[in-house]
Amino acid sequence: MNGCHSTRLLNICVWSLCRCGNLDRADSVIVDAIRIGIRPDPASHDTLIATHSHFNRIHSALSALRRMRHSGLRPSLRAYNALLSASSRLRLPDLSLDLLADIPSPDACSYNTLLHCLFRSGRPSDALRVFDSMRVPPSHITYNTILDGLCRSHGNVSNAVRLLRHLERSGSIPPTRVDTYNVVIAGLCRSGRLRQARKMLAGMPVPPNVITYTTVMRGCFRYKMFHNGFQLFDEMRSKGIAPDLFAYCTVIGALVKAGKTDEAYDCIERMLNYASVSMEGELDVHCYNTVLNAYCKTGALDEAFKLVGEMVEAGMRTDEYTHTILIDGLCRAGRTDEATQIHAQRWRHVEEWSSEEERGGLVASNCLIDRLCKEGEVDWALRVFRGMGVRDAVTYTAMVHGLCSRRRFHSAFEMVMECLRGGLWVPCTVSGAVLDGLTCAGYRRDARVLRSAIRIAKILKSKPRGE
């Protein structure tokens, strides 16, 4: 077999192994081919480097790069960009800078990936230096990356606004690029500068889209500016911009928080109608949870359970938030028996929880403990408490409140001590109630121990890290 056919066969073999995910075997094939005198061409190395990078096997990708250089071959831009993407995902800014310096002719994608990595790694000044030294014309993605990075960097939102105005004056933003404005508006909303965000929305030289309006609405609702958010929703619809499911969910959640039950139900009806006629409007679990939360917060538990039944019939898998919302609604309605049953069924195996289930289980358990304590079922609440794999300050506060209400001050003392040993903190009013209860009940020694523990915890909490 001549050299040309051998190299071509080697390329096919390496490509097939990489496609199957058998990267170690692909490495061995290239090494064995070099040993028997078959010289791989750049395509084999590039494929291997790109695949290693795709699976974040950065050390193996760098080894393949060095082997390629040792063979006298020049890596392609595709291989370098794949390596840059992997180092960016792994937040290795120094390696990314070295890789860019090695690329003979980087393109805009190379710079965009590096800029994203530097901003994510908290190095905005380095990102701006790279931007100033670009050897290719920046694309609109480059500008969006810079603007988004500045908006997410502490104290740089004003710089992002100034850069946007400069780009407007220089004509660098195409007339149809509404996403560039969306990036800056989102940054303004995250930093609480709602007035400036609304002013930018009103003065945009390009027509805003549903994402623009939803971003500002979410900012208004986050800072309890419900009237302004609802005005924007009405303005968006009056301009002929159809709300999508995310916009509907945002508004429904705000209407429930604002106590506007009728408007929330009307918005739910419109969202369901939109989902039934729109090709892009398929309801997901987030949408169902939003509607479910509205039903539970307004006491419509029969509708809530009916909705969960529809989710199951549609083949949709409920998540931990679905059950947390149901438990909270049942607890609000005083139906703790049903809430306990759902809690026991959903979070039975603590050791098998994922991180999302852990967060959902914590919130659900806190709701259940709080309601049980308020109903005087402290022993029942303690059983739930002891079965929890993770607890926070809210858990301990609810339990201590319940124990104090039943005048079980010594148990409350032990609970507060356990909380402090775990590095958590209960409100001063709660610890004060425990101290008063211990003193009145004659547990003066325990009261002194608790006061000392609280003083030590305050000192440790106020001490700067690293000392």
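A quick note: this is a predicted structure, and the numbers were derived from the prediction, not measured.

It is worth spelling out the nonpolar core at this point. If you look at the biggest cluster of nonpolar residues, it comprises 144 residues, and the most contacted ones within it are Met271, Ile369, Met399, Val434 and Leu450. The greatest single-element share of this core, amounting to nine residues, is contributed by helix α15 (residues 245–257). With residues near it in sequence (within four places) discarded, Leu450 still touches Phe413, Val416, Met417, Leu420, Ser431, Val434, Leu435 and Leu438.

This paragraph deals with the pattern of salt bridges. A complete count under the given rule lists 19 salt bridges for this structure. A salt bridge links Arg123 to Asp126, with the shortest nitrogen-to-oxygen separation between them at 2.8 Å. A residue is classified by how much of its surface remains accessible, and Arg123, at 22% relative accessible area, is partly exposed. Note on Asp126: relative accessible area 15%, which makes it buried. Taken together, the shared-partner salt bridges in this structure form one network comprising Asp94, Arg123, Asp126 and Arg129.

So, about the side chain of Thr113. Residue position: Thr113 is located in helix α7 (residues 108–120). Once residues within four sequence positions are removed from consideration, Thr113 is found in contact with Leu84, Ser85 and Ser88.

The next subject is unusual backbone geometry. Its identity is not glycine, yet Asn56 carries a phi of approximately 60 degrees, on the positive side. By relative accessible area, which is 32% here, Asn56 ends up partly exposed. Even without being glycine, Arg91 reaches a positive phi, approximately 55 degrees. Here Arg91 shows up in the loop between α5 (77–89) and α6 (93–102). Its relative accessible area of 46% is what places Arg91 among the partly exposed residues.

According to UniProt, the "repeat: PPR" (unreviewed entry) feature falls on residues 41–75, 107–137, 139–174, 209–243, 244–278, 284–318, 319–349 and 392–426. Helix makes up 74% of residues 41–75 and strand 0%. Its end C-alpha atoms lie 10 Å apart. End-to-end, the C-alpha atoms of residues 107–137 are 9 Å apart, and along that stretch the chain is 71% helix and 0% strand.

Glancing now at helix α3 (residues 42–54). Helix length check: α3, at 13 residues, gives a terminal C-alpha distance of 18 Å against a target of 18 Å (1.5 Å per residue), a fit within 8%. Along α3, 10 of the 13 residues are buried, which leaves the element largely enclosed by surrounding structure. For α3, the full list of buried residues reads Ser44, His45, Asp46, Thr47, Leu48, Ile49, Ala50, Thr51, His52 and Ser53.

Here the focus is a negative patch on the surface. Judged by side-chain charge, Asp302, Glu303, Glu310 and Glu313 come together as a negatively charged surface patch. By secondary structure assignment, the location of Glu303 is in helix α18 (residues 301–313). Residue classification places Glu303 among the partly exposed residues on the basis of a relative accessible area of 38%.

Criteria and cut-off values
- Residues numbered from 1 in each chain as written.
- Predicted model: local features only at pLDDT ≥ 70, side-chain atom pairs only at ≥ 80, totals over all residues.
- Heavy atoms only, no water.
- Core = buried A, V, L, I, M, F, W, Y, C linked by side-chain atoms within 4.5 Å.
- Buried < 20%, exposed > 50% of the residue type's maximum accessible area, 1.4 Å probe, protein only.
- Helix = DSSP H or I, 4+ residues; strand = E, 2+ residues; numbered from the N terminus.
- Contact = heavy atoms within 4.5 Å.
- Salt bridge = Lys/Arg side-chain N within 4 Å of Asp/Glu carboxyl O.
- UniProt positions renumbered as here; feature names shortened; annotations may be inferred.
- Expected span 1.5 Å × (residues − 1).
- Patch = residues over 30% accessible without salt bridge, like charges linked within 9 Å, V, L, I, M, F, W, Y side chains within 5 Å.
- Areas by Shrake-Rupley, 256 points an atom, 1.4 Å probe, with all protein chains shown as cover.
- Lys, Arg positive; Asp, Glu negative; His and termini not counted.
- Charge placed at Lys NZ, Arg CZ, Asp CG, Glu CD.

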